[in-house]
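For reference, the chains in residue letters:
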Amino acid sequence: MKLGIVGLPNVGKSTLFNAITNAGAQSANYPFCTIDPNVGVVAVPDKRLDALAELYHPQKVTPAVIEFVDIAGLVKGASKGEGLGNQFLSNIREVDAIVHVVRCFENDDIVHVEGSIDPLRDIETINLELIFSDMELLQRRIDRTQKALKGDKTLAAELEFFTRVMAALEEGKAARTVECTDEEAAMLADVALLTKKPVIYAANLSEADFTDGDPTQNPYYAQVKELAEAEGAEVLPICAQLEADIADMTAEDKAMFLSELGLNEGGLDRLIQKSYHLLGLISYLTAGTPEVRAWTITRGTKAPQAAGKIHTDFERGFIRAEVIPYEQLIETGSIAAAKEKGLVRSEGKDYVMQDGDVVLFRFNV
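For every chain, the first residue of the written sequence is number 1, and numbering continues from 1 onward in sequence order. Where local features are concerned, this predicted model is filtered to residues with pLDDT of at least 70; where side-chain atom pairs are given and counted, the filter is 80 or more; whole-chain, interface and lining totals use all residues. To get the side-chain values, take all heavy atoms of the structure and skip hydrogens and water.

(A) Expanded view of the overall build of the protein. Scanning the protein from terminus to terminus reveals 15 helices and 13 strands. Exposure classes here rest on a 1.4 Å probe applied to the protein chains alone. A residue is buried below 20% of its type maximum, exposed above 50%, and partly exposed in between. With 365 residues in all, the protein has 48% of them scored as buried. Every residue pair with non-hydrogen atoms within 4.5 Å of one another is taken to be in contact. Within the protein, contacts between residues separated by at least 24 positions form 68% of all contacts whose residues are at least 6 apart in sequence. Residue exposure ignores everything except the shown protein chains as possible cover, and the areas themselves are Shrake-Rupley values with a 1.4 Å probe. Accessible area of the protein: about 17,800 Å², with a carbon and sulfur share of 49%. Only runs of H or I of at least four residues qualify as helices and only runs of E of at least two qualify as strands under DSSP, and these elements are numbered from the N terminus.

Written as structure tokens, this is what we have:
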């Protein structure tokens, strides 16, 4: 999964990026790498892996990973190539979801590029650049469809749908807000529109507002929350500066610090949870002496396709999946004890994988 972090200058975007990627780097025994200065790959925190490692004593533990991209270069006119506009748009086209950092704090020492704090205006500034880019791309698709329609009348439905999406864009609405059937959703997936990408609005609060227990008392956050609900987007209250302050701490010190603030987990954990929910993702687990590992799949994935995440041969030669929920395996203390109690199930090709399934795939190629 690749998440792109966007935002206007001086909203806390890069502070948040540096904090969460550094937090990922500090996770004990988890891999981390910097692909280039604005890309970081961090482990998905998953306590289930630690518990399975205690059972199996594997040679290695491999968590699921998320790639964060600090997408820079946005100014008004980005869709026309202003500033680093073309680079901005190409980078954002490659991500699965957008984390849109919005400034919701007052600070006279940090000048806002527009001269005042107005999160809805800031959101609109970025959204309009994405919409302008989408309109240009979609118009080219509509033109091609109109030409092809003369020889293929079955394209009439496609043309009608794309025209409807264009009308929404012209009204300043994102493509993701357009209601569509499964067939229309497939059409939309065939066009690389920026505004169809799922969004998490990261409302960057002051430490005081974030830690008082009720961010809704911040009027800026309330505005962002209302907008997110109207769009079907996620919203995450966060304090980028606080995340930066705790990023270098040990796991023990961080837990103690967060507990004193009345928080159960850091921003990275909460952002990943929002991302998984937004994208409809779950993780299943494999466990053995060589490796304990988490695998990310889309909710609703069946066993053969889940096996294909490990290797295409697993899907091609799928026989069955031996499955036990993580909680039951931990309760029984070993896979042997779980089998004795009849808790390990044999599932076939139609089994829909569940979050936390511990699986052994049987296959024959």
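(B) Main features of the pattern of salt bridges. Take a side-chain nitrogen of Lys or Arg and a carboxyl oxygen of Asp or Glu: if they are within 4 Å of each other, that pair is a salt bridge. Taken as a whole and judged by the stated rule, the model has 22 salt bridges. Glutamate 171 is the salt-bridge partner of lysine 173, the closest N and O atoms lying 3.2 Å from each other. When its relative accessible area of 42% is taken as the criterion, lysine 173 is described as partly exposed. A relative accessible area of 55% places glutamate 171 in the exposed class. For arginine 293, the salt bridge is made with glutamate 291, and the minimal N-O distance between the two is 3.7 Å. One salt-bridge network, in which partners are shared between bridges, spans Lys2, Glu67 and Glu94.

(C) How the structure looks around helix H5 (residues 156–170). Working rule for helices: expected span equals 1.5 Å times residues minus one. Given a rise of 1.5 Å per residue, 15 residues ought to cover 21 Å, and the 21 Å separating the end C-alpha atoms of H5 matches this to within 8%. For H5, the complete set of buried residues consists of Glu158, Leu159, Phe161, Phe162, Val165, Met166, Ala168 and Leu169. The secondary structure elements touched by the buried residues of H5 are helix H4 (119–149) and helix H6 (182–189). Glycine 172 occupies a position one or two residues after H5 and carries a positive phi of about 85 degrees.

(D) Spatial organisation of the packing of aromatic side chains. Aromatic pairing here means that ring centres of Phe, Tyr or Trp (its six-membered ring) are within 6.5 Å. Orientation follows from the plane angle: under 30 degrees is stacked, over 60 is edge-to-face, and everything else is tilted. What the rule picks out here adds up to five aromatic pairs. Plain terms: the ring middles of phenylalanine 161 and phenylalanine 162 are 5.7 Å apart, the flat faces sit at 40 degrees to each other, and that makes the pair tilted. Among the aromatic residues, those joined into a ring-pair cluster are Tyr284, Trp295, Phe318 and Phe361. Here, a charge over a ring means that NZ of Lys or CZ of Arg falls within 6 Å of the ring centre while also lying within 35 degrees of the ring normal. Stacked on the ring of tryptophan 295, the Lys or Arg arginine 293 has its end atom at 4.0 Å from the ring centre.

(E) Structural context of the packing of H5 against H6. Axis geometry follows a simple rule: fit a line to the C-alpha atoms, using only the stretch in contact for helices, then measure angles between N-to-C directions, giving values from 0 to 180 degrees. Contact geometry for H5 and H6: axes closest at 11 Å, N-to-C directions at 75 degrees. Regarding the angle of H5 to H6, the classification is roughly perpendicular. Within the contact between the two elements, H5 uses Ala157, Glu158, Phe161, Phe162, Arg164 and Val165 and H6 uses Glu184, Met187 and Leu188. Any residue that is not Ala, Val, Leu, Ile, Met, Phe, Trp, Tyr, Cys, Pro, Asp, Glu, Lys or Arg is counted as polar, Gly included; the first ten are nonpolar and the last four charged. Each residue belonging to the contact of H5 with H6 can be placed in one class, and the counts come to six nonpolar, no polar and three charged. Throughout this description, any angle smaller than 35 degrees is read as roughly parallel, any larger than 145 degrees as roughly antiparallel, any in the 65 to 115 degree range as roughly perpendicular, and the remainder as oblique.

(F) Region of the structure containing the environment of aspartate 122. By secondary structure assignment, the location of aspartate 122 is in helix H4. We classify aspartate 122 as buried; its relative accessible area is 2%. Separated by 21 residues in sequence, aspartate 122 and valine 101 place their C-alpha atoms 9.6 Å apart.

(G) Summary view of the pairing of strand S7 (residues 199–204). Counting buried positions over the six residues of S7 gives six, a clear majority of the element. Every second residue of S7 is oriented toward a common face, with Val199, Tyr201 and Ala203 on one face and Ile200, Ala202 and Asn204 on the other, all of them buried. Bridge analysis of strand S6 (residues 97–103) against S7 gives six bridges, and the strand direction is parallel. Counterpart to valine 101 in the pairing with S7 is alanine 202. Note on pairing: two strands pair once DSSP finds at least 2 bridges between them.

(H) Main features of the environment of leucine 130. Position of leucine 130 relative to the elements: it lies in helix H4. Classification of leucine 130 by relative accessible area gives buried; the value is 4%. Remark: the alpha-carbon pair of leucine 130 and leucine 193, spanning 63 residues in sequence, is separated by 8.5 Å.

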